[in-house]
Amino acid sequence: MARTEQQIIKEIRSIHCSLSPENLSCDGELPPFLVKRKKRELLASLSKLERELGRKPTDKEVWGR
C-alpha cells in the first residue's frame, strides 16, 4: 500500500528535526566522525523520501507555515 503525501512529509519533518545541531550531535555527546556519519545517513533518507514523494516539499508543507 502506497503511503500518503502527508505520511511522507511527516517523516521528512522528523528528519529535518534530527538534523538540528543539538539532535545531530546528541547535545555534544557524539564524536565528530559519528556526527558526520549520522548526518550522511539522514540526508540519504531525506533524499529517498523526496524521490518517493516525487518532489522536494515546500517549507510550508513541512512546517505548516
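Given the structure is predicted, the values throughout are model-derived calculations rather than measurements.

> Describe helix H3 (residues 32-53), naming the residues involved and giving the relevant values.
Over its 22 residues, H3 runs 31 Å from end to end, which matches the ideal 32 Å to within 8%, given 1.5 Å per residue. Within H3, burial applies to Val-35, Leu-42, Leu-46, Leu-49, Glu-50 and Leu-53. The arc enclosing the buried residues of H3, seen along the axis, measures out at 100 degrees, which places them on a common side. What points out from H3, more than 90 degrees from its buried face, is the exposed set Phe-33, Lys-36, Arg-40, Lys-48 and Arg-51. A positive phi of about 90 degrees marks Gly-54, the residue just after H3.

> Run through the packing of helix H1 (residues 5-18) against H3, naming residues and quoting values.
H3 packs onto H1 with a crossing angle of 160 degrees between their chain directions and a minimal axis gap of 10 Å. By the criterion of interaxial angle, the relationship of H1 to H3 is roughly antiparallel. When the axes of H1 and H3 are compared, the crossing they make is left-handed. Of H3, the residues touching H1 (which contributes Glu-5, Ile-8, Ile-9, Glu-11, Ile-12, Ile-15, His-16 and Ser-18) are Leu-42, Ser-45, Leu-46, Leu-49, Glu-50, Glu-52 and Leu-53.

> Give me the lowdown on the nonpolar core, citing residues and values where you can.
Listed in full, the 11 residues of the largest apolar core are Ile-8, Ile-9, Ile-12, Ile-15, Leu-24, Val-35, Leu-42, Leu-46, Leu-49, Leu-53 and Val-62. Elements with a contribution of two residues or more to this core: H1 and H3. Leave out the neighbours within four places in its chain, and Val-35 touches Leu-24, Ser-25 and Leu-30.

> So, the environment of Ile-12: which residues are in play, and what are the values?
Counting through the fold element by element, Ile-12 comes out in helix H1. Taking relative accessible area as the criterion, Ile-12 reaches 0% and is therefore assigned buried. Put simply, Ile-12 and Leu-49 are 37 residues apart on the chain and 6.9 Å apart in space, counted from C-alpha to C-alpha. Residues contacting Ile-12, with those up to four places away along its chain left out, are Leu-46, Leu-49, Glu-50, Leu-53, Pro-57 and Val-62.

Calculation notes
- Sequence positions are assigned chain by chain, starting from 1 and proceeding in written order.
- In view of the model being predicted, local features appear only for residues whose pLDDT reaches at least 70, and side-chain atom pairs are presented and counted only at 80 or more, with totals across whole chains, interfaces and linings using the full set of residues.
- Side-chain numbers come from the whole structure's heavy atoms, not from hydrogens or water.
- In this text, helices come from DSSP runs of H or I with a minimum length of four residues, and strands from runs of E with a minimum of two, each type numbered from the N-terminal end.
- Take the residue count of a helix, subtract one, and multiply by 1.5 Å to get its expected span.
- Residue exposure (1.4 Å probe, protein chains only): buried if accessible area is under 20% of the type maximum, exposed if over 50%, otherwise partly exposed.
- Arc, as used here, means the arc of the directions from the helix axis to the C-beta atoms.
- Orientation is described by axes fitted as lines to C-alpha atoms, over the contacting stretch for helices, and by angles from 0 to 180 degrees between their N-to-C directions.
- Between 65 and 115 degrees an angle is taken as roughly perpendicular, under 35 as roughly parallel, over 145 as roughly antiparallel, and anywhere else as oblique.
- Helix crossings are classified by the rotation of the near helix relative to the far one: an anticlockwise turn of less than a right angle makes the crossing left-handed, while a clockwise turn makes it right-handed.
- Contacts: residue pairs with any heavy atoms within 4.5 Å of one another.
- As used here, the term nonpolar core means buried Ala, Val, Leu, Ile, Met, Phe, Trp, Tyr and Cys residues forming a set that is joined through side-chain atoms within 4.5 Å.

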